[in-house]
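Below are the chains, spelled out letter by letter.
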Amino acid sequence: MTNAAIAQPASGRRKARKRQGARGRAGLITVGVLSALIAAASIATYASGSLQRLAAEDSGLASVYASAPAAVQTALYVHIAGGSLALLLGPWQFSRRLRTRFTRAHRVSGRIYLGAVWIGSLASLVILPYNSAGWVGVAGFGALAVLWSYTGYRAVRAARGRRLEEHRAWMIRNYSLSFAAVMLRTWTPLIAVGYASVTGADADAAFSFAYHLAPFLCWVPNLLVAEVIIRARNLPSPLTKGS
Ligand code: HEM
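Everything numeric in this text was worked out from a predicted model, so none of it was measured. Throughout, residues of each chain are indexed from 1 in the direction in which the sequence is written. Owing to the predicted nature of the model, reporting of local features is limited to residues with pLDDT of at least 70; listing and counting of side-chain atom pairs is limited to 80 or more, with chain, interface and lining totals taken over all residues.

## A few points about the overall build of the chain
Secondary structure is summarised from DSSP: a helix means a run of H or I of at least four residues, a strand means a run of E of at least two, and numbering begins at the N terminus for each. A count of helices and strands for the chain gives 11 helices and zero strands. Of the regular secondary structure in the chain, the N- to C-terminal order runs α-α-α-α-α-α-α-α-α-α-α.

Here's what the structure looks like:
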């Protein structure tokens with residue numbers, strides 16, 4: 001084989017790696033921007049007035065919580081703060097450049113991220129009985145809360161054991177669950193509009209239909225996508241032989 005013939009496939013592989021890297025960066029930027037928008041919208045909404053005032057304006061789900069016990073209202077605010085912080089910090093953890101150049105910052109922000117996940121998750125269990133999707137919400141959001149904490153715990157355990165590939169895989173799963181907050185607010189209006197246009201239902205009925213699918217739809221597909229990403233990067237997965 002000539003040198004040219006050997007050089008050709010090597011440069012082809014380099015180009016393919018570059019293309020993959022560019023696609024990965026574009027995906028991460030998109031995820032980061034969408035996450036920041038949802039975090040900013042949540043903070044802006046719930047910081048703009050009391051739950052009673054927001055309920056009167058029919059803003060967010062404030063009407064559900066305006067007459068709830070003080071402990072539940074406090075848990076809602078804690079949940080929003082924890083969830084928003086997780087959405088704002090999470091995407092940065094996946095930047096290879098930041099991870100390798102600023103290792104200490106990666107560690108510190110990772111700890112704050114996981115603290116926010118655990119606090120947000122615990123608070124969501126307090127507001128769970130008041131959720132607007134009834135038992136489907138208890139099952140769907142409840143499972144999400146448990147998995148959100150569990151995947152974070154597995155990520156920490158792997159990092160402490162210096163099993164960095166396993167750590168990356170668990171963090172991908174964990175962030176795909178944080179991203180449920182974005183998908184909840186994407187699926188619900190899409191399904192509601194689709195349902196209303198097919199059935200002619202009014203806005204309240206269409207929202208209620210969509211919101212009863214959302215507690216599972218907001219995170220199950222995310223986890224499947226996470227598993228596809230994990231396999232594409234050859235990271236350890238129970239679905240991959242030998243891991
Ligand atoms: C991933 C795990 C999460 C779980 C298990 C969870 C669970 C819940 C539950 C049960 C509710 C009450 C919903 C209802 O009343 O029907 C809720 C509301 C809310 N959550 Fe989460 N959540 C999660 C992540 C997040 C994140 C990352 C954010 C960041 C913005 C967030 C922001 C909110 C907001 C703003 C509300 C108030 C309802 C609204 O106006 O949309 N959540 N969450």
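Moving on, there is more to tell.
## Points about the site of the ligand
Throughout this description, a residue near a molecule or strand is one whose C-beta atom, derived from the backbone, lies within 6 Å of it. Neighbouring the ligand are 28 residues; Gly60, Gly83, Asn131, Ser132 and Ala181 lie closest to it. Secondary structure elements with two or more residues in the shell around the ligand: helix H1 (3-47), helix H4 (70-89), helix H6 (103-127), helix H7 (134-160), helix H8 (164-178) and helix H9 (180-199).

## Digging into the environment of Arg101
With respect to the element layout, Arg101 can be found in helix H5 (residues 96-101). Considered as a pair, Arg101 and Pro69 are 32 residues apart in the sequence and their alpha carbons are 47 Å apart.

## Details of the packing of H8 against helix H11 (residues 220-232)
Remark: H8 packs on H11, axes separated minimally by 9 Å, with the N-to-C direction vectors making an angle of 155°. Taken together, the axis directions place H8 and H11 in an arrangement best described as roughly antiparallel. Between H8 and H11 the crossing geometry is right-handed. In this structure, H8 uses Ala169, Ile172, Arg173, Ser176 and Leu177 to contact H11, whose residues at the interface are Asn222, Leu223, Val225, Ala226, Ile229 and Ile230. We call Asp, Glu, Lys and Arg charged. Ala, Val, Leu, Ile, Met, Phe, Trp, Tyr, Cys and Pro are nonpolar, and the rest, Gly among them, are polar. For the contact of H8 with H11, a count of residues per class yields eight nonpolar, two polar and one charged. Between N-to-C directions, angles cover 0 to 180 degrees, with each direction set by a line fitted to C-alpha atoms, over the stretch in contact for helices. Roughly parallel means an angle under 35 degrees; roughly antiparallel means over 145; roughly perpendicular covers 65 to 115; every other angle is labelled oblique. Note: crossing handedness is left-handed where the near helix turns anticlockwise from the far helix by less than a right angle, and right-handed where it turns clockwise. Here contacts are defined at the residue level, using C-beta atoms placed from the backbone and a cut-off of 7 Å between them.

## Side note on unusual backbone geometry
Across the chain, the bulk of peptide bonds are trans and the bulk of non-glycine residues have phi less than zero. The phi dihedral of Arg162 is positive, around 60°, even though this residue is not glycine. Mapped onto the elements, Arg162 comes out in the loop between H7 and H8. Whether a residue is buried, exposed or partly exposed is read from the other C-beta atoms within 10 Å of its own C-beta, which are placed from the backbone; 20 or more gives buried, 12 or fewer gives exposed, and intermediate counts give partly exposed. Judged by C-beta crowding, with 8 C-beta atoms within 10 Å, Arg162 ranks as exposed. Not every positive phi belongs to a glycine, and Asn234 is a case in point at roughly 55°. Checked against the element boundaries, Asn234 lands in the segment after H11. What makes Asn234 exposed here is the crowd of 11 C-beta atoms within 10 Å.

## Some thoughts on the environment of Ala196
Counting through the fold element by element, Ala196 comes out in helix H9. Distance from Ala196 to Thr100, taken between C-alpha atoms, is 49 Å for residues 96 residues apart in sequence.

## Considering H11
If you check H11, its first and last C-alpha atoms are 19 Å apart, about what 13 residues at 1.5 Å a residue would give, namely 18 Å. Among all positions in H11, only Asn222, Ala226 and Ile230 are buried. When H11 is viewed along its axis, its buried side chains cluster within an angular range of 80° and face the same direction. The exposed set on the far side of H11, more than 90 degrees from its buried face, consists of Leu224, Val225, Val228 and Ala232. Buried residues in H11 make contact with H8 and H9. Each helix should span, by expectation, one fewer than its residue count multiplied by 1.5 Å. By definition, the arc is the one covered by directions from the helix axis to the C-beta atoms.

## Notes on the confidence of the model for the chain
Confidence scores per residue from the predictor, reported as pLDDT, run from 0 to 100. Looking at the chain, pLDDT values average 93 and 95% of them are 70 or higher. Here residues 1-6 is a poorly scored stretch, pLDDT under 50, and it has one contact once near neighbours within four places are set aside; other chains count.

## Section: the nonpolar core
By convention in this section, buried Ala, Val, Leu, Ile, Met, Phe, Trp, Tyr and Cys residues joined through C-beta atoms within 7 Å make up a nonpolar core. Within the largest apolar cluster, 34 residues are counted, with the highest numbers of intra-cluster contacts made by Ala86, Tyr113, Val117, Leu144, Ile172, Ala180 and Ala210. In terms of residue count, H8 provides more of this core than any other element does, six residues in total. In this structure, Tyr113 is in contact with Ala86, Leu89, Gly90 and Gln93, ignoring residues within four places of it in sequence. Tyr65, Ala75, Ile80 and Ala123 belong to the second largest nonpolar core, which has nine residues in total.

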